[in-house]
Structure formats: structure tokens, C-alpha cells
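Coordinate analysis (summary)
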Amino acid sequence: MSDPIRTRVDDGVLEVVIDRPKANAIDLATSRALGLIFQDFRDDPALRVAIVTGAGEKFFCAGWDLKAAASGDAVDGDYGVGGFGGLQELRDLNKPVICAVNGICCGGGLEIALSTDLIIAAEHASFALPEIRSGTVADAASIKLPKRIPYHIAMDMLLTGRWLDVHEAHRWGFVNEILSADRLMERARELARLLASGPTLVYAAIKEIVREAEGSTFQTAMNKITKRQFATVDRLYSSEDQLEGARAFAEKRSPIWKGK
């Protein structure tokens, strides 16, 4: 059997391809493998941006592998260091992650997409949370989706399991761009190169602030920023890159980021 996860590294960009025919569904072993891959991405300073996509043109990811569940994989089993799909519970992931949705994105597959920072999708992509029809709950999506799109649209998806085409998903704001299938990975790599050339310390601060502020009041989060109580903000404010950004602006030139 071929490796269910394929990876490729190019100039600081990690590409992660879920490759489990026919639907790129994820069992416990695959989830644990994804967790280790994204943990290594988080901890490797040479890697700056990740892209996650699915193999083939029909499925991005159908989520939890129900055939594996029927064979004994427990729905509350050991998903690995990052939780289901390796991303949604991975602590301190302060680097940008792009999701390139190349087809059907449903259930846990949509939860993986919601755990990334930018979602681009092919014209034939579609989205759903069909867990209601199999008598279970889309747990991570129940937490995240009502905070990302209008409440009533999120509840419609959760309570009915109905499908959204890519244009409706874009209209509600959880897809950034719609592309032809043959342009999808090209655009993902364009975005990744753009982000990889940017200030990694600033990205880290943005991601920590956004993540931590989700459970805080505005003033509490602002106080933590101004008092440098976020580790990434403290590091940024003491960095060479902070000075370089100011100098480059004053000198009307492009900054040279060093990540320190």
C-alpha cells in the first residue's frame, strides 16, 4: 500500500497531500501521521509555510474513515499530537497554513480546512457537515464554524447536513478564492511563496494574538499585547526584524527579513 500522506518541500514551503483512495478519508493511523508532519513543520525553522491538499480531483477529504471505524477504529481514539487531521488541536502553530480544496470537502475534511489560515478552492469543490445523518456530532466544526460565518448558515449546515457549492462557501466567507482545477495548486504555491518571503516573527505574533483573543475580551487581549505577555509579541518587539521594518519604511526600500 502506498503512503497515505505525501510531502514535498520547496524553498521553505511544505506541501502535504492526503492520498487515501477513494475519498482521502482519515483513519487513526493517518491522523497520527499528519500530526507528526505538522508538528515537525511547526518546530523546523527552515519551514515557513504549509499547503495541505488532497490527491486526485474528486475529493479533498471526506473526513473520518467510517470503514475503519466499522473495523474497530474508535471515534474517540488516539488521533495523535494534533488531534484529528493533525492540525485542529496542534498547540502553538504560529506559521501560515494554506488549504487547497480540490473537490469534496466534508465532515472532518471541512474541520481540517477550518483549521488552516487561507482556503482556496477549485470550481467544482463542495462542502458539507453530514455527521447529523450518521448520528454523531461535527465537534470541531460546531465550535469553529459559527464564529467564521453567519450563525444561522452555520447552524443550517450543522443541523441539516446540506451541501454548499463553492460559490456559496465563498459568499459566506470561508473560501478566499475560487480557481479552475488546473490553477489551484499553482495559486496555492504563489500564495505560499508570497508568505514565505514575509516576516515570520510578525506572522507568529498575528497567529498567537488571533488564537488567544478568541476566548478573551478586546481589552484583555490588548493589555496582553501592550504588556508583551504574548511570547511571540515579546520576541517580535525585541527583534532585529522590528527595527528592519521601520528602517526599510524610512529608507523607502523593501525590508530584508531575518526571522530574528
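Here the structure is a predicted model, which is why all the values come from computation and not from measurement.

**Some remarks on the environment of A121**
Along the chain, the position of A121 falls in strand β7 (residues 118-122). According to the relative accessible area criterion, A121 is buried, its value standing at 0%. Sequence separation of A121 and E57 is 64 residues, and the distance between their C-alpha atoms is 11 Å. Setting aside residues no more than four positions away along its own chain, A121 makes contact with V101, F127, V166, V175, E177, I178, L179 and L184.

**Here we look at the pattern of salt bridges**
If the charged atoms of two oppositely charged side chains come close together, the side chains can form a pair. Per the stated rule, a full pass over the model turns up 18 salt bridges. The residue D117 makes a salt bridge to K207 at a minimum N-O spacing of 2.9 Å. Separated by 90 residues along the polypeptide, D117 in the loop between α3 (108-114) and β7 and K207 in helix α8 (residues 200-213) bring together distant segments of the chain. Its relative accessible area of 36% is what places D117 among the partly exposed residues. Note on K207: relative accessible area 16%, which makes it buried. One salt bridge in this structure joins D234 and R228, with 2.9 Å as the shortest N-O distance. Exposure remark for D234: the relative accessible area of 33% places this residue in the partly exposed category. Through salt bridges that share partners, E177, R183, E186, R187 and E190 make up one connected network.

**Considering unusual backbone geometry**
Omega for the bond connecting P21 with K22 falls within 30 degrees of zero, at 10°, which places this linkage in the cis form. Residue position: K22 is located in the loop between β2 (13-18) and α1 (28-43). In this model, D92 sits at a positive phi of 60°, which is unusual for a non-glycine residue. Here D92 shows up in the loop between α2 (66-70) and β5 (97-101). Positioned with a positive phi, K252 is a non-glycine residue whose angle comes to about 55°.

**Concerning helix α11 (residues 240-250)**
Of the positions making up α11, those classed as buried are D241, E244 and A248. For α11, the angular spread of the buried residues around the axis is 55°, confining them to a single face. Opposite its buried face, α11 presents the exposed residues F249 and A250, each directed more than 90 degrees away. As for α11, its buried residues are in contact with α8. Where α11 begins, the side chain of S239 points an oxygen toward the backbone nitrogen of D241, at a separation of 3.5 Å.

**Focus on the packing of helix α4 (residues 139-148) against helix α5 (residues 151-160)**
The contact between α4 and α5 brings their axes to 8 Å, and the two run at 155°. As the angle between them shows, α4 and α5 are arranged roughly antiparallel. Read as a crossing pair, α4 and α5 show a hand that is right-handed. Contact residues: A141, S142, L145 and P146 in α4; Y151, A154, M157 and L158 in α5.

**With respect to the pairing of β7**
For β7, the buried fraction is high: 4 of the 5 residues fall into the buried class. As judged from the 4 bridges shared by β5 and β7, these two strands associate in the parallel manner. Looking at the pairing, V101 lines up with A121 of β7. Here 3 bridges tie β7 to strand β10 (residues 177-179), and the two strands are oriented parallel to one another. Within β10, the position partnered with I120 by the bridge is E177.

Here is what the cut-offs are and how they apply
- Residues numbered from 1 in each chain as written.
- Predicted model: local features only at pLDDT ≥ 70, side-chain atom pairs only at ≥ 80, totals over all residues.
- Heavy atoms only, no water.
- Helix = DSSP H or I, 4+ residues; strand = E, 2+ residues; numbered from the N terminus.
- Buried < 20%, exposed > 50% of the residue type's maximum accessible area, 1.4 Å probe, protein only.
- Contact = heavy atoms within 4.5 Å.
- Salt bridge = Lys/Arg side-chain N within 4 Å of Asp/Glu carboxyl O.
- Arc of directions from axis to C-beta.
- Polar contact = N/O pair within 3.5 Å; in protein donor to acceptor, adjacent residues only side chain to side chain.
- Axes fitted to C-alpha atoms, helices over the stretch in contact; angles between N-to-C directions.
- Parallel < 35°, antiparallel > 145°, perpendicular 65-115°, else oblique.
- Left-handed = near helix turned anticlockwise from the far one by under 90°.
- Pairing = 2+ DSSP bridges.

The values are spatial; any link to function lies outside them.
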